[in-house]
Amino acid sequence: MRRHLVSAITLALAGMGATATAAAIGVPALAAPQAAAPAAAPVVADATTQLPRDVEPRHYDIQVVPHADRLAFDGKVAIDLQVLEPTTTIVLNQIDMTFPKAVLAPRGGKALPAPAVAIDNDAQTATFTFAKPLPKGDYTLSLDYTGKIGTQANGLFAIDYDTDAGKQRALYTQFENSDARRFVPSWDEPNHKATFTLAATVPAAQMAVSNMPAVETKDLGDGTKRVQFAQSPKMSTYLLFFGLGDFDRATTMADGVEVGVVTQKGKAEQSQFALESAAAVLKEYNDYFGVPYPLPKLDNIASPGSSQFFSAMENWGAIYTFEYAQLFDPRISTEVDKERIFSTGAHEIAHQWFGDLVTMAWWDDLWLNEGFASWMESRTTAKLHPEWNTALSAVGVRESAMNRDAIETTHPVVQHVETVEQASQAFDSITYSKGEAVIRMLEAYVGADTWRDGVRKYIKAHAYGNAVSDNLWAAIDSVSDKPIMQIAHDFTLQPGIPMIRVESAQCVDGNTAVQLSQGEFTRDRPGKAPLSWHVPVVAATVGGAAPARTVVDGKATLQVPGCGPLLVNAGQAGYFRTLYPEAQVAQLRGGFGKLATIDQLGLMNDIWALGMAGEQPLSDYLDLAAAVPADAAPELWQEVAGALGSIDYYYRGDDARQAAFRKYALATLQPVFARLGWEGKAGESEPTKQLRTSLIGALATLGDKAVVAEAQRRYAAGGDAVPVALRRVILGIVARNADAATWDKLHAQAQAETTPLIKDQLYGLLASPKDPALAKRALELALTDEPGATNSAGMISRVSGEHPDMAFDFAVAHREQVDKLVDSTSRSRYYPAIGGGSRDPKMVDKLNAFADAHIAKSSRRATDTAIAGIKYRREVIEKRLPQVTAWLAKRKK
């Protein structure tokens, strides 16, 4: 599953540099951090389960008849199963189903007396109780059942969307993590793999799509047809997919596989880039994994609408992706959108191996799916599209993880999951970004070829089965002369971030003798005894011949070639912070221009984070940012702009000091923007184009009246005055600074628009104004049917960006209505995210009260994250901003 690049709670907890994209400052609470001793490889059969283990499914033969008009469906399923131990009950998962008929028959035998059926929607189960114990053996359980079609992305759901021909309705499924039970009664747990056949009776004029190709389509003569799909490979229930609607499908071939993109009618042309990208990625992965993609086709289904918490899902052979991450509309899409389309596809296609072919045994090891897919996405995007320079994003990925991992409420990468809601909350920055960062570090440690050889061995050994983390580490160890099991355990079985201190660095005979020690980087537990890690470290000197490598366990010494300024974590593959003595910081500042861009970004982010945590003066970051030349790499100026915007955010409410800071920030950024101007130039690199839009947005936020006025002028002029490359930032500035007349104009545009991609953007813009009265109008609009069922929750979240207290109070006051607008398993994250951006300490009590009333104690992770953010924000305002104010005063003298 592909999360949003910036989630609602991430936006609410702003405060990092640009590389971290105003990232979150805390981590959801699962358990207090504990050092975890290395453990023997767990046995897959011991994976946590919510169902009894006495029965196992082998095959599901499903028949469904959806009734889209009344949001319901009828189903039949014949489940081939094996009774492993004598039992009088068969327990499986379901939600909101009825069972008019239930029949169990031994394989090749007569049906047994009908069982008693007990439905428990709270436990999400159905229990079939028999008069006599069932002996061990093979059976078929045949069920007739009914189910509901939802309007949010859980189970089988409907999305209504506008077209030039009027309103249309399409059906899709979304089952991860535990919603297949809304579509078919099943053992809805990842370690209960089975094969599937699916048949659907659907309107004759519509297209039905599933994981496998259709093998038979029969016209029933009543305006409907029966579509039978081929049998799937053995897979987990959450990977099953069904879609139905007025679709088009574009196809191509890649390595003997039919690659397709399914769109709403008339949009197939907009899928061309996604289609070409999927074919290229499939070939790349066939080579990398050493196991060819095993299905005959690979579709990517582009859907209107949105979810608050994901953009795409890796259903085997039938990836589901929202249109904004799949289609390229030349009227509104930019190269940034191309990057998003490519990276989203690369992530989901990686899952076809890591997640689909080999699946984690239980949600504890979700990171095996998501961390690896995230790493493959980044690796493949950088390899196949070097012009985007996305290799530098490795620093941003690491920062995203560290910003959450530095808080006491963090959790290990491998985490214990017991409930459906805990599984839903496991899709966070630790699972994705820390997982990716740890893989990058381990690959750099053993070497890219060795790592690939180990991955190939792991995939072949566990194909069509389940695995745990130690299975991967064992495969890497078996092909490497550098064992990683201990290092991997340190970074995945315990939380937190190592901090490498440079105790001394002395030039001796042309080399730098370095002494390093290890601690722990944390924002809110400085008095706690630090955890410890075996940390791979690569150090180099500016201008030195070659880096030096070591593994730091407590303390370490090493000889680094050369006597220039010392850089620890050269290449930025390590997952740790580096704390330098003041003299070393000064030397690095002097040699900053000679560092590789990725090391410049890494150094700036380390110094920023350490300054914000009080480990070193925040003025060190400001001095470093002031030394960045105007012609530095665009990514560096995006970093500086982001950091200045974060500081400005903390000054909110302190008008005098904010004005003084803005004067400095504008004076810093305006000359850089003056070099770029509003109009793009022939031959510009993509990072330069992105810097232009970043600077326009940053300057507007910092109160540059000329930039705001120019954006408003261009919006009023329309046409060529709003080029595609600047459309999004211009509209964003106009919406944020809107008066009532402008808001009404945007509203009229949204109402008249018939293209879902554009319509959705416009409704989001309506929720962006600084004006509290307009924000209130947006909140009220969100509770109507007008924006669309999948847009309304996003509008409320968008309002919280400027008005968190207003948005939270509104959402709580209208909770019954808002609940219907949010994916059911996401509510425990949604509400805390809205309030998490508040500056008012009273919000802590509000969040606690809401959680006490509406969130299970075992699912308070997001609440604790939001509360940690509010407390941290106050600490920054009280302890760090005075350093900035003093630094500004010193510059005036």
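Every value quoted in this text rests on a predicted model; they were computed, and no experiment measured them.

S.K.: Is there a simple way to think about the state of the cysteines in this case?
M.R.: Two cysteines whose sulfur atoms are joined by a covalent bond form what is called a disulfide. In the structure shown here, the tally under the stated rule is 1 disulfide. The partner cysteine of cysteine 507 in its disulfide is cysteine 563, sulfur to sulfur 1.9 Å. Looking down the S-S bond of the cysteine 507 and cysteine 563 bridge, the torsion is 75 degrees, so its handedness is right-handed. Here cysteine 507 is found in strand 22 (residues 497–508), whereas its partner cysteine 563 is found in the loop between strand 26 (555–561) and strand 27 (566–568), with 56 residues between them in sequence.

S.K.: I keep staring at the sheet that holds strand 25 (residues 548–552) and nothing clicks. Help me out?
M.R.: The strands making up a sheet are joined through hydrogen bonds of the backbone, oriented either antiparallel or parallel. If you walk across this open sheet you meet the 3 strands as 25-24-27, and the pairing is antiparallel. Both outer strands of the open sheet, strand 25 and strand 27, are each paired with one neighbouring strand and no more. Pairwise comparison of adjacent strand axes, ignoring direction, gives a mean angle of 25 degrees for this sheet. With 5 bridges connecting them, strand 24 (residues 535–541) and strand 25 associate as antiparallel partners.

S.K.: Help me out: how do you make sense of the pairing of strand 14 (residues 242–245) in this one?
M.R.: Strand residues, when the strand is regular, have side chains that alternate between the two faces of the sheet. Side-chain alternation along strand 14 places Phe242 and Leu244 on one buried face and Gly243 and Gly245 on a second face that is also buried. Bridging between strand 11 (residues 207–210) and strand 14 involves 4 bridges; their strand directions are antiparallel. Within strand 14, the position partnered with methionine 207 by the bridge is glycine 245.

S.K.: Help me understand the layout of surface pockets, please; the structure alone is not making it clear to me.
M.R.: Rolled over the atoms, a probe with the dimensions of a water molecule shows which regions are left empty. If you add up the space inside the second largest pocket, you get close to 570 Å³. Lining the second largest pocket we find 26 residues, and of these Gly150, Thr151, Gln152, Lys820 and Leu821 sit closest to its centre. Residue classes in the lining of the second largest pocket are distributed as 9 nonpolar, 10 polar and 7 charged.

S.K.: Would you take a moment to explain the pattern of salt bridges for this structure?
M.R.: It is possible for side chains bearing opposite charge to pair when their charged atoms get close. Applying the stated criterion across every chain, the model contains 37 salt bridges. For the salt bridge of aspartate 144 with lysine 76, the shortest nitrogen-to-oxygen distance reads 3.2 Å. Residue aspartate 144 is found in strand 7 (residues 137–148), and its partner lysine 76 is found in strand 2 (residues 72–83); the two are separated by 68 residues along the sequence. Taking the shortest distance from any N to any O, the salt bridge between arginine 331 and aspartate 329 comes out at 2.8 Å. A relative accessible area of 46% means that arginine 331 is categorised as partly exposed. When salt bridges with common partners are traced through the structure, they connect Arg249, Glu258, Lys297 and Asp299 into a single cluster.

S.K.: It is not clear to me how the sheet that holds strand 17 (residues 297–303) should be interpreted in this structure. Could you clarify?
M.R.: The sheet built from 5 strands is open, its strands ordered 15-16-17-19-18 with mixed pairing. Among the strands making up the open sheet, the edge pair consists of strand 15 (247–254) and strand 18 (312–313). Bridge count between strand 16 (residues 257–264) and strand 17: 5 bridges; the pairing is parallel. Counterpart to valine 262 in the pairing with strand 17 is isoleucine 301. Sheet contacts for helix 2 (residues 272–289): strand 15, strand 16 and strand 17; angle to strand 16, the most-contacted strand, approximately 150 degrees.

So, how was this worked out
Each chain has its residues counted from 1, following the order in which its sequence is written. Local features in a predicted model are, by the rule used here, given only for residues with pLDDT of at least 70; side-chain atom pairs are given and counted only at 80 or more, and totals for whole chains, interfaces and linings are based on all residues. Each side-chain value is derived from all of the structure's non-hydrogen atoms; neither hydrogens nor water enter the calculation. Two cysteine sulfur atoms make up a disulfide if the distance between them is within 2.5 Å. Helical segments are the DSSP runs of H or I of at least four residues, strand segments are the runs of E of at least two, and each set is numbered from the N terminus. Strand pairing is defined by DSSP finding a minimum of two bridges between the two strands. Only the stretch in contact is used when fitting a helix axis, every axis being a line fitted to C-alpha atoms; angles between N-to-C directions are given from 0 to 180 degrees. Remark: exposure states derive from per-residue accessible area (1.4 Å probe, protein chains only) relative to the maximum for the residue type, with buried under 20%, exposed over 50%, and partly exposed in between. In the cavity and pocket records, a cavity denotes points on a 1 Å grid over the protein atoms alone where a 1.4 Å probe fits but cannot get out, a pocket denotes an open set with protein on both sides within 12 Å along at least 5 of 7 lines, and lining residues are residues with an atom within 4 Å of a point. Grid points are joined across faces, edges and corners, and a volume is the space filled by probe spheres set on the points. Residue polarity follows a fixed list, in which Ala, Val, Leu, Ile, Met, Phe, Trp, Tyr, Cys and Pro are nonpolar, Asp, Glu, Lys and Arg are charged, and the others, Gly among them, are polar. One speaks of a salt bridge when a side-chain nitrogen belonging to Lys or Arg is within 4 Å of a carboxyl oxygen belonging to Asp or Glu. Working rule for contacts: check all heavy atoms of both residues, and any pair within 4.5 Å makes them a contact.

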